[in-house]
Amino acid sequence: MKRLYILLLLLFPGIAAAQDHFTLTARDLPQSMLANPAMRPSRGFVTMPLFGSFTAGFDNSFTYNKVIEKDAAGVKYLDTRGLMDATAGKDLTLMRFNLDLVNTGFFVGPKDYMGVTLRTRAHVGTSLPEGLFGMILDNPINEYKTFGVDMTPNAVGWVELGVSYTRDLGRNWRVGGRLKYVNGLMSIQSTGLDVTVKKEYDRYVVAGDYTLRGGNVDFTHGTGDLFKDMFKNIGSNPGFAFDLGATYESDDKRLNVGFSVADLGAVFWNKKNSTVIRTHSEGKEYEFFGVDGLGGLINGTTSIGHVLDSAYTDLSRTLRADTTAGSFTQMLPTTFQAAADYALGPYMRHHVSVGFVGMIPYHGKLHYAVSAGYAYRSLSGTWQLMANYTYKSNNPVNVGLGVVMTTGKFQLFLAADNIIPAFTLTRVRGTNFSLGLNFFTSRRRDFKSCEGRSVGRTSRKAAKYYTY
């Protein structure tokens, strides 16, 4: 159980989740293919290896300054009431990280395009044990209460090798798909830790069960073996996944619509290097006599993570938990995406857009984000300057900025879907940062040209630069 809390404590300050809306509406950007395989660029490309394309960020249900306060002497302490209020009904911590080791694409026919990607990825989505916080931090002696100690962790790291294919269907539609071979690196996953603790006059009564699975994690060993296990068993946990997408472009090239689904697939964790913690309460209730370390939490000599770990350890013993080797199948966090872009003005330099991203971060949860944006695209095609506002299901205020610079065969992409952290880290719930360094390897080949269409000279000139 200590491994789980080490992972959560890494996330608690909010270090790294990726929900990138700019790639859904940018033009001629190789990174767009990673969100929607139908959004191929108009030229062959290769991304700078190892560090030329990545996304990283975080999403959390509350901000740092909601739960950390300072006393009169300037000493920081945990605001227990603030933590209770912040996690009530909105308990989500989400992290995603994607690093492209290889990313390249090329034409294989007049209307056919292929891409190859090798990526390392990580995802963590979990609810927080609101009831456990209540039991530890809000537990008056003279009140009887029942606390739901529920949690749904879903952490997974993997490497994937993907091959994509994109096909133009006539003048308006384009479809694409990507087949991916997946190999799991590490996982901590459960469909739910469902335990209730009923407070009585002189004791607690505990009931419930849970199952916690570790892929490439041996729960019987100490925490020092976590990364050793991960690298020792690389290649032992295969899986597969696929992405599907489509785009539509109107005859006058002003309206572009795209929709996709990504990471439909699973990792199959090998029994030889995976373990399962399973309780055996058999529906019975058990006596539980409290949590150690509360005095240290109050006076600052211990951490909330240590107390939570102690609580779950004691509860696990009470519910007769044991650890065994066991294989299991883990679904990847599937993402659904849709976006529409409309060009304004005679030269189509001004664009307005809307987008939607929905994700299943863990069992029984949907995390979604809705965005509205504006982009200025220079007529030469050198600059795309983008701004948007995003509403997320656990974070209503996100103001993002992005830029794409294309000069000759080189392209730079920078974007952040929330720039508030640049001004105040303590007041932010989340952000996402994306980088792309691309080199084009062939001449522009636009097979959605305006030949044969009844559009004006101005539209033909502008359409040269603004196709998917």
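Anyway, here's the lowdown on the structure attached to this text. Values in this document were obtained by computation on a predicted structure and should not be read as measured data. Chains are numbered independently. Their residues run from 1 in the order of the written sequence. The model is predicted, so local features are restricted to residues of pLDDT at least 70 and side-chain atom pairs to those at 80 or more, both for listing and for counting; the totals for chains, interfaces and linings are taken over all residues. Computation of side-chain values covers all heavy atoms of the structure but excludes hydrogens and water.

### Comments concerning the packing of aromatic side chains
Okay, so step 1: Any two rings among Phe, Tyr and Trp, with Trp reduced to its six-membered ring, count as a pair given centres within 6.5 Å; such a pair is stacked if its planes are under 30 degrees apart, edge-to-face if over 60, and tilted if neither. Enumeration according to the criterion identifies seven aromatic pairs in this entry.
Okay, so step 2: Both rings, one in tryptophan 173 and one in tyrosine 248, keep their centres 5.1 Å apart while their planes meet at 55 degrees; by these two values the pair is tilted. Taken as a pair, tryptophan 173 in strand S9 (residues 173-189) and tyrosine 248 in strand S12 (residues 238-249) lie far apart in primary sequence, 75 residues in all.
Okay, so step 3: For every residue, the accessible area obtained with a 1.4 Å probe (protein chains only) is divided by the maximum for its type, and the residue is called buried under 20%, exposed over 50%, and partly exposed between those limits. For tryptophan 173, a relative accessible area of 39% puts it in the partly exposed group.
Okay, so step 4: Their ring planes at 70 degrees and their centres at 6.4 Å tell us that tryptophan 173 and phenylalanine 259 sit as a pair that is edge-to-face. Of the two residues, tryptophan 173 is situated in strand S9 and phenylalanine 259 in strand S13 (residues 255-269); the sequence distance between them amounts to 86 residues.
Okay, so step 5: Site record: aromatic cluster; members linked through ring pairs are Trp173, Tyr248 and Phe259. Going along the chain from the N terminus, every DSSP run of H or I of four or more residues is numbered as a helix, and every run of E of two or more is numbered as a strand.

### Comments concerning unusual backbone geometry
Okay, so step 1: One non-glycine residue with positive phi stands out, namely asparagine 216, at about 60 degrees.
Okay, so step 2: Within the secondary structure layout, asparagine 216 lies in the loop between strand S11 (204-215) and helix H7 (226-232).
Okay, so step 3: On the basis of relative accessible area, asparagine 216 is assigned to the buried category, the value being 1%.
Okay, so step 4: A positive phi is found at lysine 253, a non-glycine position, where the angle reads about 65 degrees.
Okay, so step 5: Positionally, lysine 253 belongs in the loop between S12 and S13.

### Concerning empty space enclosed by the protein
Gaps between atoms show up when a probe of the same size as a water molecule is rolled over them.
Okay, so step 1: Put plainly, a pocket is an open set of points on a 1 Å grid over the protein atoms alone with protein on both sides within 12 Å along at least five of seven lines, a cavity is a set where a 1.4 Å probe fits but cannot get out, and a lining residue has an atom within 4 Å of a point. Grid points are joined across faces, edges and corners, and a volume is the space filled by probe spheres set on the points. Counted as a void, the second largest cavity has a volume near 90 Å³.
Okay, so step 2: His21, Thr25, Ser353, Gly373 and Asn388 are, among the 14 residues lining the second largest cavity, the residues nearest its centre.
Okay, so step 3: Mapped onto the lining of the second largest cavity, the elements with two or more residues apiece are helix H2 (22-25), strand S19 (350-359), strand S20 (367-377) and strand S21 (383-392).
Okay, so step 4: Counting residues per element, the lining of the second largest cavity draws most heavily on S20, at five residues.
Okay, so step 5: Here the residues of the lining of the second largest cavity are counted per class, giving seven nonpolar, seven polar and no charged. In this count, Pro and Cys sit with the nonpolar residues alongside Ala, Val, Leu, Ile, Met, Phe, Trp and Tyr, while Asp, Glu, Lys and Arg are called charged and the others, Gly among them, polar.

### Quick look at a nonpolar patch on the surface
Okay, so step 1: Note that patches include only residues with greater than 30% relative accessible area and no salt bridge, and the join distances are 9 Å for like charges and 5 Å for nonpolar side chains (Val, Leu, Ile, Met, Phe, Trp, Tyr). Per-residue and other accessible areas follow the Shrake-Rupley method at a 1.4 Å probe size, with only the shown protein chains counted as cover for residues. We define a salt bridge as a side-chain nitrogen of Lys or Arg found within 4 Å of a carboxyl oxygen belonging to Asp or Glu. On the surface, a nonpolar cluster with roughly 740 Å² of combined accessible area is contributed by Phe336, Phe356, Ile360, Leu366, Val370, Tyr389, Tyr391, Val397 and Val399.
Okay, so step 2: Residue assignment for the nonpolar patch shows that the elements contributing at least two residues are S21 and strand S22 (395-407).
Okay, so step 3: The exposure class assigned to valine 370 is partly exposed, which follows from its relative accessible area of 39%.

### Looking at the pattern of salt bridges
Okay, so step 1: By the definition in use, this model includes 17 salt bridges.
Okay, so step 2: Measuring nitrogen to oxygen at the nearest pair gives 2.9 Å for the salt bridge that ties arginine 167 to aspartate 112. One end of the pair, arginine 167, is in strand S8 (residues 154-169); the other, aspartate 112, is in strand S6 (residues 112-126), and 55 residues separate them in sequence.
Okay, so step 3: Assessed through its relative accessible area of 32%, arginine 167 is described here as partly exposed.
Okay, so step 4: A single network of salt bridges, built from pairs that share partners, joins Arg96, Asp100, Arg119, Arg121, Glu160, Arg178, Lys180, Asp243 and Asp263.

### Some words on the pairing of S21
Okay, so step 1: Where burial is concerned, the two faces of S21 differ: the one with Gln384, Met386, Asn388, Thr390 and Lys392 is buried and the one with Trp383, Leu385, Ala387, Tyr389 and Tyr391 is not.
Okay, so step 2: Strand pairing is assigned whenever DSSP detects at least two bridges linking the two strands. Where S20 meets S21, nine bridges bridge the pair, whose relative direction is antiparallel. Counterpart to glycine 373 in the pairing with S21 is asparagine 388.
Okay, so step 3: Connecting S20 to the antiparallel partner S21 that follows it, the hairpin turn spans five residues, and glycine 381 within it adopts a positive phi of roughly 85 degrees.
Okay, so step 4: Taken together, the nine bridges between S21 and S22 define a ladder with antiparallel strand orientation. Paired with methionine 386 across the strands is glycine 402, a residue of S22.
Okay, so step 5: Between S21 and S22, which pair antiparallel one after the other, the connecting turn spans two residues.

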